[in-house]
Amino acid sequence: MARRPDDTRGSLIFQEGKCIEGDYYIVAVYDDPATCTISFSAYELENDCTYTYPLTYSQFDALFQYDSELMNPSNQDGRFHWVIERLDFVQDKRGQKVLCLGEEATAEVDDEGDLVQEKPKATSAVPANVGGKIDGATRAKLLKELDTHDDAKLHAALVKSEGARKRFIAELHAKRNLEQLKASQRLQKADEDREARLAKLELIKKQQHARAEAHKASEEAKKSTMAQLEVLMKQKEAQAIRRLIQEKDAQDRGMGREKDAARQRRKMQERSAAEVRAIEEERAQQLARKRDEQVEKRRALFLKKNRQIAEILREEKMKEREYQARLREQKDLIIQEVWKTKAQERLAREEKEREFQRLEEIRETKNVERERRRAMDELKQISAIRKHAEEEKEATVKRREKMRKEYLLELKVDASNRAQQAREQARRNERREQKIQEREEARLRRFRESQFMDSMRATRSFMKEGEGEEGNTLEATGSPTAQDEDLQRKGFEAEERRKRQAEREEKLKREAEKKGKMQQLSGKNPNLAELNRIKVWRAEDEAQKKKLEDARLKRELQREQNLRALHEAAAKREELWTRLEAIERGARRGLVVSCGEFQGPVRDFRG
């Protein structure tokens, strides 16, 4: 399990392995509802570094707004896999690696071909970072694809991703075991190098000790020579002192001695210079011969002493070599026993490791078989559920189609009845209009007849007057009659307009009442009930998916906990082995120190 970054909050909801530029990473996805952020954290296995790429909920949803398969929010694993495939590294202004999201999926290395390749997700034709709107037909098509989404495909992708994750973890464990083996070999090589350095230091110490012994011997020889020279100097000084004392004694003896001395001086003066030189040369030769004899005697004494010391040193060196050879043999025996024990332990450990690997392979095979059987059982169950759902859906569709046909038939019957009633009403209205028109015409005719009769009675009262007056009267009475007719016509037209307006208002009122009654007869809106039923069905589907996801997450957490327990046990064994190895090395150093202490008296005796 990857280490959580310090600046990342939320819970772990997804995890997947990825190889970027030849380096292996574990990419973990954390969901933080408090800040509405989804963080992708890449954990590098080589140097224990973590890189984070955060996305808000809106940014994360905007990446899939044009993808028909990933538009559904319930397909979280597919969305996370799509983003992880496109993660890459770039350098910022300071030259450091920063995690980013690329346009295309990053290429994987060739040695990962044994992993299960999942089906690539369909990428949208429009870039993810381009905003905009889509038309109604495309939106309806996408919603239809979401409604007809295949759950079996999601289940197969989930099973494949789980198998790939297991194989990636197995390969990661194999690489970790290889690194541990390399580390153990490096420790063994370091131990061998340390043994070689210790042997070299021991050889250097021996050489320094030999040089010190040679220097000490030369210093002792030099001191003895200086002592001999001091003895000779002291003897010479003693002779000179004795000669001076003798001369002083001779002076103290009196004149006789002075006469002898004068006589001797005269004799000496009488001698020739050649005799004096010959005597001096002979005395010098005698002194030289005595000195050479003394030197030869001293040299012979030194040579004898040196031979005695060399013999003693040779014997001591032989004893030291024998002692060192015995110690070396004992050390070789101890080292051979230790390495034999280590080899046996290593063979036992390797045998145990092989047995563990064999059991792990058997366990992994059993787990894969169990997972395959579980997947097949779930597939059968899901197929049965889907088949049952399809049968129910087909029965529901047939029932709804039958209800719709009956409803349409009722509507047609009602429509035909309403049309017949409308035709009957129109016919009645037409007859009523005709009756009204006939009555109006009769009333107008009666009115005109009464007007005509009034005018005729008015003309009869003026019959007795003259023809001129009669013509004027007739002309005068003719003009008021035209004006009255015009006023009657205008009043009649205004009354007709009022009647037509009242009829129109009455007709609109009847139409509104008819619409209200039709709506009451039609009942509730069937589309609203269907939408509510679809909403309930989707809520139940989401609850079932969440339940399956929670069960899978629980199994993964249990598996990770078991792996963590195994890793902790391995770490404890490694720590115990390191502690025991340190104790063993300390014991070996203590043995070497004790051997050195045993050699101490021999060195003191030799010194």
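Every chain begins its residue count from 1, and numbering advances along the sequence as written. The predicted nature of this model means local features are confined to residues of pLDDT at least 70 and side-chain atom pairs, given and counted, to a pLDDT of 80 or more, with totals for whole chains, interfaces and linings taken over all residues. No hydrogens and no water enter the side-chain calculation; it runs on all heavy atoms of the structure.

Q: I would appreciate a short explanation of the overall build of the protein chain in the present structure.
A: Of the regular secondary structure elements, the protein chain holds eight helices and six strands. In this description a helix means any DSSP run of H or I spanning at least four residues, a strand means any run of E spanning at least two, and both kinds are numbered starting from the N terminus. Counted from the first residue to the last, the protein chain has its helices and strands arranged as β-β-β-β-α-α-β-β-α-α-α-α-α-α. Accessibility here uses a 1.4 Å probe with only protein chains present; expressed as a share of the type maximum, an area under 20% marks a residue as buried, one over 50% as exposed, and anything in between as partly exposed. Per-residue burial for the protein chain yields a buried fraction of 14% across its 607 residues. Note on definitions: a residue-residue contact is assigned when non-hydrogen atoms from the two residues lie within 4.5 Å. Long-range pairs, those at least 24 residues apart, make up 58% of the contacts in the protein chain between residues at least 6 apart in sequence. Accessible area of the protein chain: about 47,600 Å², with a carbon and sulfur share of 55%. The Shrake-Rupley method, run with a 1.4 Å probe sphere, supplies the accessible areas, and residue values consider only the shown protein chains as cover.

Q: Is there a simple way to think about the pairing of strand E6 (residues 97–101) in this case?
A: Two elements, strand E5 (residues 87–91) and E6, share five bridges in a ladder whose sense is antiparallel. Bridge pairing in E6 places leucine 87 opposite leucine 101. For two strands to pair, DSSP has to find at least two bridges joining them. Taking the residues between adjacent antiparallel strands as the criterion, E5 and E6 are bridged by five residues, where glycine 95 takes a positive phi near 85°.

Q: Any chance you could explain the pattern of salt bridges here in plain terms?
A: Here the idea is simple: oppositely charged side chains can pair when their charged atoms come close. For salt bridges, the criterion is a side-chain nitrogen of Lys or Arg within 4 Å of an Asp or Glu carboxyl oxygen. Throughout the structure, instances matching the rule amount to 26 salt bridges. Of the charged contacts, one joins aspartate 191 and arginine 194 as a salt bridge, the two residues approaching to 2.2 Å between their closest N and O atoms. Taken together, the residues span about one helical turn, with aspartate 191 and arginine 194 both in helix H4 (residues 151–252) at a distance of three residues. In this structure aspartate 191 comes out as buried when scored by relative accessible area, which is 13%. The salt bridge involving glutamate 440 is made with lysine 499; its shortest N-O contact spans 2.7 Å. Taken together, the residues glutamate 440 in helix H6 (residues 273–460) and lysine 499 in helix H7 (residues 467–522) connect sequence positions 59 residues apart. Of the residues examined, glutamate 440 reaches a relative accessible area of 9% and is grouped as buried.

Q: I would appreciate a short explanation of the nonpolar core in the present structure.
A: In summary, soluble globular proteins display a tendency toward joint burial of nonpolar side chains. By nonpolar core we mean a set of buried residues, namely Ala, Val, Leu, Ile, Met, Phe, Trp, Tyr and Cys, connected to one another through side-chain atoms within 4.5 Å. One finds Phe40, Phe60, Val83 and Leu87 to be the most contacted residues of the largest nonpolar core, which totals 22 residues. Only strand E1 (11–20), strand E2 (23–32), strand E3 (37–44), strand E4 (50–56), helix H2 (76–85) and E5 provide two or more residues apiece to this core. In terms of residue count, H2 provides more of this core than any other element does, four residues in total. Once you skip the residues sitting within four places of it in the chain, leucine 87 turns out to touch Lys18, Ile20, Val27, Phe40, Tyr53, Leu99, Cys100, Leu101 and Thr106. Grouped together as the second largest cluster of nonpolar side chains are five residues, Cys19, Tyr24, Ile26 and Phe168 included.

Q: What is the right way to read the environment of phenylalanine 64 from this model?
A: Structurally, the position occupied by phenylalanine 64 is in the loop between helix H1 (57–62) and H2. Between the alpha carbons of phenylalanine 64 and tryptophan 82 there is a distance of 9.7 Å; along the sequence they are 18 residues apart. Non-local contacts of phenylalanine 64, meaning those with residues more than four positions away in its chain, are made with Leu70, Met71, Arg79, Trp82 and Val83.

Q: So what exactly am I meant to see when it comes to the side chain of lysine 18 here?
A: Note on placement: lysine 18 falls in strand E1. Two N or O atoms count as a polar contact when they lie within 3.5 Å, although within protein this holds only if one can serve as hydrogen donor and the other as acceptor, and sequence-adjacent residues are included solely when both atoms are side-chain atoms. At a separation of 3.4 Å, a polar atom in the side chain of lysine 18 contacts the main-chain carbonyl oxygen of glutamate 85.

Q: For this particular structure, what's the right way to read H2?
A: Think of an α-helix as 3.6 residues a turn; residues three or four steps apart then line up on the same face. Counting buried residues in H2 gives eight out of ten residues, a clear majority hidden from the surface. A side-chain oxygen of the first residue of H2 lies 3.3 Å from the backbone nitrogen of glycine 78; this N-cap is asparagine 75.

Q: How should I be thinking about the packing of aromatic side chains in this particular structure?
A: The geometry of two aromatic rings is summed up by the distance between their centres and the angle between their planes. Pairs were defined over the aromatic rings of Phe, Tyr and Trp, the Trp ring being its six-membered one, requiring ring centres within 6.5 Å. Orientation was assigned from the angle between planes: stacked under 30 degrees, edge-to-face over 60, tilted for the rest. One pass over the structure, following the stated rule, counts eight aromatic pairs. An angle of 35° between the planes, with centres 6.3 Å apart, marks the rings of phenylalanine 40 and phenylalanine 60 as tilted. Separated by 20 residues along the polypeptide, phenylalanine 40 in strand E3 and phenylalanine 60 in helix H1 bring together distant segments of the chain. Residues tyrosine 51 and phenylalanine 89 carry aromatic rings whose centres are separated by 5.0 Å and whose planes lie at 75° to one another, so their mutual orientation is edge-to-face. Here the residue tyrosine 51 occupies a position in strand E4, and phenylalanine 89 occupies one in strand E5, the gap between them amounting to 38 residues. Accessibility expressed as a relative area gives 15% for tyrosine 51, which makes it buried. Looking at phenylalanine 89, the relative accessible area reads 9%, which means it is buried. In our convention, an over-ring charge means Lys NZ or Arg CZ found within 6 Å of a ring centre and within 35 degrees of that ring's normal. If you follow lysine 97 out to its NZ or CZ, it ends over the ring of phenylalanine 89, 4.7 Å from the centre. Sitting over the face of the ring of tryptophan 339, lysine 342 holds its NZ or CZ atom 4.9 Å from the ring centroid.

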